[in-house]
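# Structural overview for review
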Amino acid sequence: DPTAGAISAKVGVQINDITAPIISPFSSGNISATGTISATVNEDAMLYLIPSSETNYTIANIIDKAVYQLAVAKDVAASILLSDINPPLTVGSSYKFIAADYAITPNISTPTTPNITIVNAPLTMTVNPTGSVEQGSPITVGVSRAATAYLIPNSVLISAVADLDANDVSKVTISSASGTLSTVGVPVGEYYVYVSDGTAIVGPSAKITVEVSTVVVTNIELLSTALSLKVGETKTTEVVFTPTNATNKGLTITADPTYVTVTYNETTRIVSVTGVKGAAAPIQVILTSPDGPSTTLSVTVTQFPTSITVSPATTTNLKVGGTVQLTETVLPADAQNKAVTWTSSNPTVASVNSTGLVTGVAIGGPVTITATSTADGTIKGTATVTVVKTDVSSISVDPTTVTLTLGQSATVTATVLPADATNKNVTWTSSAPGVATVTNGVINSVSVGTATITVTSVDNPSVSATIAVTVNNVAVSSVTVAPTTTSIVVGATESLTATVLPANAPQTVTWASSNPAIATVSAAGVVTGVAVGTATITATSTADGTKTATCAVTVTPKLVSSITIVPATVSINIGATQSLTATVLPNDATNKDVTWSSSNPAVATVSATGVVTGVSAGTATITATAADGSGKTGTCAVTVTTIPVSSISILPATASINIGETQALTESVLPANATVKTVTWSSSNSAVATVSATGVVTGVSAGTATITATAADGSGKTGT
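Conventions we followed
Residues numbered from 1 in each chain as written. Predicted model: local features only at pLDDT ≥ 70, side-chain atom pairs only at ≥ 80, totals over all residues. Heavy atoms only, no water. Helix = DSSP H or I, 4+ residues; strand = E, 2+ residues; numbered from the N terminus. Contact = heavy atoms within 4.5 Å. Pairing = 2+ DSSP bridges. Axes fitted to C-alpha atoms, helices over the stretch in contact; angles between N-to-C directions. Buried < 20%, exposed > 50% of the residue type's maximum accessible area, 1.4 Å probe, protein only. 1 Å grid on protein atoms, 1.4 Å probe; cavity = no way out; pocket = protein on both sides within 12 Å on 5 of 7 lines; lining within 4 Å. Points joined across faces, edges and corners; volume = space filled by probe spheres on them. Nonpolar A, V, L, I, M, F, W, Y, C, P; charged D, E, K, R; others polar. Salt bridge = Lys/Arg side-chain N within 4 Å of Asp/Glu carboxyl O.

Further remarks concern the side chain of Thr 390. Structurally, Thr 390 is set in the loop between β34 (380-388) and β35 (394-398). When near neighbours in sequence (up to four residues on either side) are disregarded, Thr 390 contacts Lys 319, Pro 418, Asp 420, Ala 421, Thr 422, Asn 423 and Asp 459.

Right, here's the structure in full:
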């Protein structure tokens, strides 16, 4: 009692029951997958729906295999909506009911039989609308499950699915609740709707009459309200009617055929416009529906050029620097834009300006000159131009004669005609470059004489002009010689310099000596001393023999500068000789004689020709003195030595004497000219034999002794 605040509870007491529950009544047979099944149990229990193939009726297996279970009250029918079972039951599968009570050990009922078999739900349809249907209006078909809906003429008898596919005028496959059959293009007449899942056929529906009623056009619009086209070009636009299902979509077209041709396709609702003639202003095309509404299409027709010709078409003799005016003719004559642009295929040969004036730039061609329509770049006209040269016809020079003083120059101007000659280059030559040279019209004097300067056209070598040139000398005012006096030794040279004034006068002079036996002079002014004395050297201008200058020359002897004696040192024996040679420098000294003298004639003497003789042992200096009084000398150191003994032999070399007897020994001293040839005698054993100072040996006692002769000159030489 909630109002009393008390809590009540119902307590159930389970009593162990040994009686199995009974299911009755129950559903069986074919049941739609979306249908409902039911069963009633005679006591409180758990009701299970299990596959009909199941035979294991233990409570654990029943619970495991059940696709659906619910608690039911005693004798109360329990319903199951099959569409609530998840996963869904498959068509063709079969099931049975079984129940278990709440006993401690559940009692299992007998499974129900016959079984429940799952089948497709019945195919049903709804059609809306039926009766009269305006052609083009949709028909909505509702189905209980997936199927195809067909619109079939009422005259066709349907007995199989193939009849539907063979006779439908409209059909739609419906996968969900509903679909739409179209009546667009369906002929006026009576029809029925059928649906089929490929096996079952449901229908016919209530009769449907497709009919046509008049729908009035209320407005006309164009997808493009303005078109621009060339003459001969066609463009289109689409007409949009309101309402879109208007019955009469025909149009009346008003347009000026002089400028445009207009056609209309009622099926596609396409308006086609073709340009006939160019118009200064847009052409107005009026499209009117029989129901009254109209619209206007603005069409701009332009007459573009179709061809261009250029005159003159060929120019073959345009000179470099010359011009030719080209003229374009644009057709048709009524083209609305006749402007052109001009271009040259080779502007380095022939250029063209914006008005078609062509100018020759360089020799060459043919060059293509093109006039291109600015309205249509594909329309062009051309002409060819060949640029040729303008030949040189004559050359004039100013001045025609030139007189120059040597060293001067002059400029000559050459004028090439005609003035517009293509190549005005010329060459300059001189008939006598040794007299006058020329460079680009500037004539330079080189020497006295005459020359002809020729200027010749490079373009036409047969055209030339000449200038007569005369070159005169500059008058000599004076000649000077430097030095004016000089002194040179015999054989020496000295260069004299002649100066001719003015500086631009001929500078050449001739040289002469008043006494060539004393001094000579070369053509270059080089003086050579020949002999002691004086001479006058004269320089005379070759241009004016009255102009001279002189130099006084004194020639003096050429003294000895040095004396060298060869050999510079000599060692000779007493009585020997040695020739000395005196070398006197310079080689061209005027007097190369020398006198010879000895510093110690007691040791060594010298002859007038330089032969030295050894007199006694010692040293002496031999001197050669220049005879020209220059005081130059040369010396040789002489050493005189004795001739030493080289060997001593005794005859006889052996001797045998008796005691008391004597034997004379004879010494032989070499060389024969040895300075000291005396010897001293000695005995190696005076008890056996003695020797006298003259080499006489006396026997004293029996035995042997060696007798020695020793050189007295200290050379140490002995004989035995």
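Read from one edge to the other, the open sheet built from four strands follows the order β45-β52-β51-β48, with strand pairing classed as mixed. Two strands lie at the open edges of the sheet, namely β45 (485-489) and β48 (509-513), each paired on one side alone. For this sheet, the mean angle separating the axes of adjacent strands, direction not counted, is 25°. Bridge count for β45 against strand β52 (residues 548-556) is five bridges, and the pairing is parallel. Paired with Thr 485 across the strands is Ala 552, a residue of β52.

Trans is the common state for peptide bonds, and a negative phi is the common state for residues other than glycine. Of note, the amide linkage connecting Asn 86 to Pro 87 takes the cis form, showing an omega dihedral of 5°. Within the secondary structure, Pro 87 sits in the loop between β6 (78-81) and β7 (94-100). Along the chain, Thr 113 connects to Pro 114 via a cis peptide bond; the corresponding omega equals 5°. As for its placement among the helices and strands, Pro 114 is situated in the loop between β7 and β8 (116-119). At Asp 75, a residue that is not glycine, the phi angle is positive and equals roughly 60°. Assignment of secondary structure puts Asp 75 in the loop between β5 (68-72) and β6. Non-glycine residue Arg 269 carries a positive phi angle of around 60°. You can call Arg 269 partly exposed: its relative accessible area is 24%.

With that settled, consider the layout of surface pockets. A probe matching the size of a water molecule, rolled over the atoms, marks out where space remains unfilled. Each pocket or cavity is described by its volume, and for the largest pocket that value is around 450 Å³. Split into classes, the residues belonging to the lining of the largest pocket amount to 14 nonpolar, ten polar and no charged. Within this model, the second largest pocket holds a volume of roughly 210 Å³. In terms of lining residues, the second largest pocket is bounded by Glu 134, Gln 135, Gly 136, Ser 137, Val 184, Gly 185, Val 212, Ser 213, Val 215, Asn 245, Ala 246 and Thr 247. Its residues placed into classes, the lining of the second largest pocket shows four nonpolar, seven polar and one charged.

Turning next to the pattern of salt bridges. Evaluated as defined, the whole model comprises ten salt bridges. In this structure, Glu 238 engages Arg 269 in a salt bridge whose closest nitrogen and oxygen atoms are separated by 3.4 Å. Taken together, the residues span a long stretch of sequence, with Glu 238 in strand β20 (residues 234-242) and Arg 269 in the loop between β22 (260-265) and β23 (270-275) at a distance of 31 residues. The partner of Lys 547 in a salt bridge is Asp 544, and the shortest N-O contact between them spans 3.2 Å. Exposure remark for Lys 547: the relative accessible area of 23% places this residue in the partly exposed category. Each of Lys 389, Asp 391 and Asp 459 takes part in a single network of salt bridges with overlapping partners.

Before going further, it helps to spend a moment on the sheet that holds strand β66 (residues 689-691). Strand order in the open sheet formed by three strands is β63-β67-β66, and the pairing between neighbours is antiparallel. Looking along the sheet, the strands with just one partner apiece sit at the ends: β63 (662-664) and β66. On average, each strand axis in the sheet is inclined to that of its neighbour by 20°, with strand direction left out of account.

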